[in-house]
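# Structural features, examined
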Amino acid sequence: MMYEYFKNLESSLEKKINETPKSPNARKKYSLEVARIGKRLYSGKDKIAWTGIGVPFDILNTMGITSCFVEFVGAMLASTGASGNFIKEAENTGYASDSCSYHRAILGALSQNLIPKPDFLVGTTLPCSGGLAVIENMARKFKKSLFVLNVPQEDSLQNIKYLSDQLKDLVNFIQKETGINFDENKLKEGIKKTNKARDLMIEAYNLAKKIPSPVDSRILKDFGIVTALMLGTDAGIEVAKAYRDEFQAKVNSGESGVKGEKIRLLWIQNRIQFRYQLEKWMEEEFSASIVIDELNDITWEKIDVDDPFTGIAKRIISIPFNGKAEKRIEHLKFLAKEYKIQGAINPCNWGCRQGTGERGLISDGLKEIGVPVVNLEIDCIDQRNFAEGQVKTRIAAFIEMISN
Ligand code: SF4
């Protein structure tokens, strides 16, 4: 079922891109690569790994492993409107309804045998312990080996060395589990591609900062976190280039992403993954645009191809969700200033300690630089209790407040 879904998605996107090759197509190219990853995960032919967030996908890609963080499945099920059934299934088998629904969705799908068996699993200690618990659960169910990356929270020479040594151990683990030999030259080539994609993404983000911004509220949804899956590949470069080119063309012609852009917003943490009309409505009613997401930023330096493990370790440690809330808040302030933001929306994803637990600190931090925050209570995956009318009322009042 899932294989057919991704296969059909892939062919319909290929057709659309080929029919209008000169039209803006960045989002279509992004979706096409996502469909291809999904297809490979469910093909039964590729070596696959289920992982946590922050895993070095460039290492996995250059070793020929199709890999994906488990939260992607929750998001994908929500986008197809199917997550509710799986979340209910997880709750019926005893998982607490106040845990993150990204995780409940995948646990429900797991219990219904809809998750393909991996060759191995890689967990990380960031951004949350819930994700690691799900990976442990999957490893037990599939009777497959699990490697856990223990990511230190502080950026220090000692910690970078500690994590880069673990990355080398991870390579040995993959060799043992799959029989695939590690090829240093392949990793070097992959790192060159990672660096190229990084440069293009920085260019795209810098263009998104322009006033008016060439982005609308949807084009960069989930972009940063999902393109991490493509690091070390030509596909990653292709997608980043498509975004850079599309934004550059718009800036050159003076075209804004949202007609008559009046309000520039920052979206904190995850977007809502099921279908809804909030962003389009904000654009049409208020000329308000989400020009930056917290998860869309490059926080890491170019990686030295002759010392890739150190560079990758630095990249993982740099993720703003790794470490104290202060680090995350400083990053949010930085984004708010860079993108000249007037207000921020925090969905406070239900069951997320980061999303709900830090809401007060985030509001206070952004208030210090004059950026108000509206804290919502949304479950970004579970549509069953989503009251769109109430959310619209809150946002309308918020936009009215920041417009005055
Ligand atoms: S929303 Fe929160 S709890 Fe859920 S996966 Fe993300 S960080 Fe973890």
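Bear in mind the structure is a predicted one, so any value in this text is a computation, not a measurement.

### As for the packing of helix 9 (residues 184-208) against helix 13 (residues 308-318)
The interhelical angle for the contact between helix 9 and helix 13, taken along N-to-C directions, is 40°, at an axis separation of 11 Å. Accordingly, the angle class assigned to the pair helix 9 and helix 13 is oblique. Helix 13 is crossed by helix 9, and the crossing has left-handed handedness. Contacts between helix 9 and helix 13 pair Leu187, Ile191 and Thr194 from the former with Pro308, Phe309, Ile312 and Arg315 from the latter.

### What about the packing of helix 5 (residues 83-92) against helix 6 (residues 101-111)?
To characterise two packed helices, one gives the angle between the axes of the helices and the distance between these axes. Where helix 5 contacts helix 6, the axes come no closer than 7 Å and their chain directions differ by 80°. The angle between the axes of helix 5 and helix 6 places the two elements in the roughly perpendicular class. Across the interface between the two elements, Phe86, Ile87, Glu89, Ala90 and Glu91 from helix 5 touch Ser101, Arg104, Ala105, Leu107, Gly108, Ala109 and Ser111 from helix 6. Residues that form the contact of helix 5 with helix 6 fall into these classes: six nonpolar, three polar and three charged.

### What to know about the pairing of strand 7 (residues 343-346)
Sheet faces and side chains relate simply in a regular strand, where the side chains alternate between the two faces. Burial along strand 7 is two-sided: Gly343 and Ile345 facing one way and Ala344 and Asn346 facing the other are all buried. Here strand 5 (residues 263-267) runs beside strand 7; their pairing, made up of three bridges, is parallel. By the bridge assignment for strand 7, Leu265 is matched with Gly343. When strand 7 meets strand 8 (residues 373-375), the two strands line up parallel, connected through three bridges. Bridging across to strand 8, Ile345 finds its partner in Val374.

### A closer look at the side chain of Glu283
Looking at where Glu283 falls in the secondary structure, it is placed in helix 12 (residues 278-286). Classification of Glu283 as buried rests on a relative accessible area of 11%.

### Brief notes about the environment of Leu121
Inspection of the secondary structure puts Leu121 in strand 3 (residues 120-124). For the pair formed by Leu121 and Glu4, sequence separation is 117 residues and the distance between their alpha carbons is 24 Å. In this structure Leu121 touches Trp50, Ile135, Met138, Ala139, Lys144, Ser145, Leu146, Phe147 and Phe173, once residues within four positions along its chain are discounted.

### Quick look at the site of the ligand
Every residue lining the ligand is accounted for by Glu71, Cys100, His103, Pro127, Cys128, Gln269, Asn270, Asn349 and Cys352. Here the residues of the shell around the ligand are counted per class, giving four nonpolar, four polar and one charged.

### Observations regarding the pattern of salt bridges
Taken as a whole and judged by the stated rule, the model has 35 salt bridges. Of the charged contacts in the structure, one is a salt bridge between Arg271 and Asp293, with a shortest N-O distance of 2.6 Å. With Arg271 in the loop between strand 5 and helix 12 and Asp293 in strand 6 (residues 288-293), this pair connects stretches of sequence that are 22 residues apart. Across the pair, exposure class does not vary: Arg271 and Asp293 are buried alike. Each of Glu10, Glu14, Glu33, Arg36 and Lys39 takes part in salt bridges that share partners, so that together they form one network.

### Section: the sheet that holds strand 5
Here we have four strands laid out as an open sheet, ordered 6-5-7-8, and parallel in their pairing. The outermost strands of the open sheet, each flanked by one partner alone, are strand 6 and strand 8. Taking each pair of neighbouring strands and ignoring which way they run, the sheet shows an average axis angle of 30°. Each of strand 5, strand 7 and strand 8 touches helix 16 (residues 359-367); the most contacted strand, strand 8, lies at about 165° to it.

### Considerations on the pairing of strand 4 (residues 146-149)
Residue alternation in strand 4 divides its side chains into a buried set, Phe147 and Leu149, and an unburied set, Leu146 and Val148. With four bridges connecting them, strand 3 and strand 4 associate as parallel partners. Bridge assignment links Val122 to a residue of strand 4, and that residue is Phe147.

### So, the sheet that holds strand 3
Here four strands make up an open sheet; going across it, the order is 2-1-3-4 and the pairing parallel. Since the sheet does not close on itself, it has two edges, and those belong to strand 2 (65-69) and strand 4, each with one partner. Pairwise comparison of adjacent strand axes, ignoring direction, gives a mean angle of 20° for this sheet. Pairing of strand 1 (residues 47-51) with strand 3, which is carried by three bridges, proceeds in the parallel orientation. Each bridged residue has a counterpart across the sheet, and for Thr51 the counterpart in strand 3 is Val122. Strands in contact with helix 7 (residues 129-142) are strand 1, strand 3 and strand 4; relative to strand 3, the strand with the most contacts, it is inclined by about 160°.

### Notes on the packing of aromatic side chains
Inspection of the entire model under this criterion finds 15 aromatic pairs. When the ring of Phe182 is compared with that of Phe309, the centres are 6.3 Å apart and the planes differ by 45°; the resulting orientation is tilted. On the criterion of sequence distance, the pair formed by Phe182 in the loop between helix 8 (157-178) and helix 9 and Phe309 in helix 13 is long-range, its members being 127 residues apart. Judged by its relative accessible area of 25%, Phe182 falls in the partly exposed class. Residue Phe309 is classed as buried on the basis of its relative accessible area of 12%. Every member of this aromatic cluster is reached through a ring pair, and the members are Tyr30, Tyr205, Phe223, Tyr243 and Phe247. Of note, Arg271 hangs over the ring of Trp267, and the distance from its end group to the ring centre comes to 5.7 Å. Looking at Arg315, its charged tip hangs above the ring of Trp300, at a distance of 5.3 Å from the centre.

Rules behind the numbers
Residues numbered from 1 in each chain as written. Predicted model: local features only at pLDDT ≥ 70, side-chain atom pairs only at ≥ 80, totals over all residues. Heavy atoms only, no water. Axes fitted to C-alpha atoms, helices over the stretch in contact; angles between N-to-C directions. Helix = DSSP H or I, 4+ residues; strand = E, 2+ residues; numbered from the N terminus. Parallel < 35°, antiparallel > 145°, perpendicular 65-115°, else oblique. Left-handed = near helix turned anticlockwise from the far one by under 90°. Contact = heavy atoms within 4.5 Å. Nonpolar A, V, L, I, M, F, W, Y, C, P; charged D, E, K, R; others polar. Buried < 20%, exposed > 50% of the residue type's maximum accessible area, 1.4 Å probe, protein only. Pairing = 2+ DSSP bridges. Near = heavy atom within 4 Å. Salt bridge = Lys/Arg side-chain N within 4 Å of Asp/Glu carboxyl O. Phe/Tyr/Trp six-rings, centres within 6.5 Å; stacked < 30°, edge-to-face > 60°. Lys NZ or Arg CZ within 6 Å of the ring centre and 35° of its normal.

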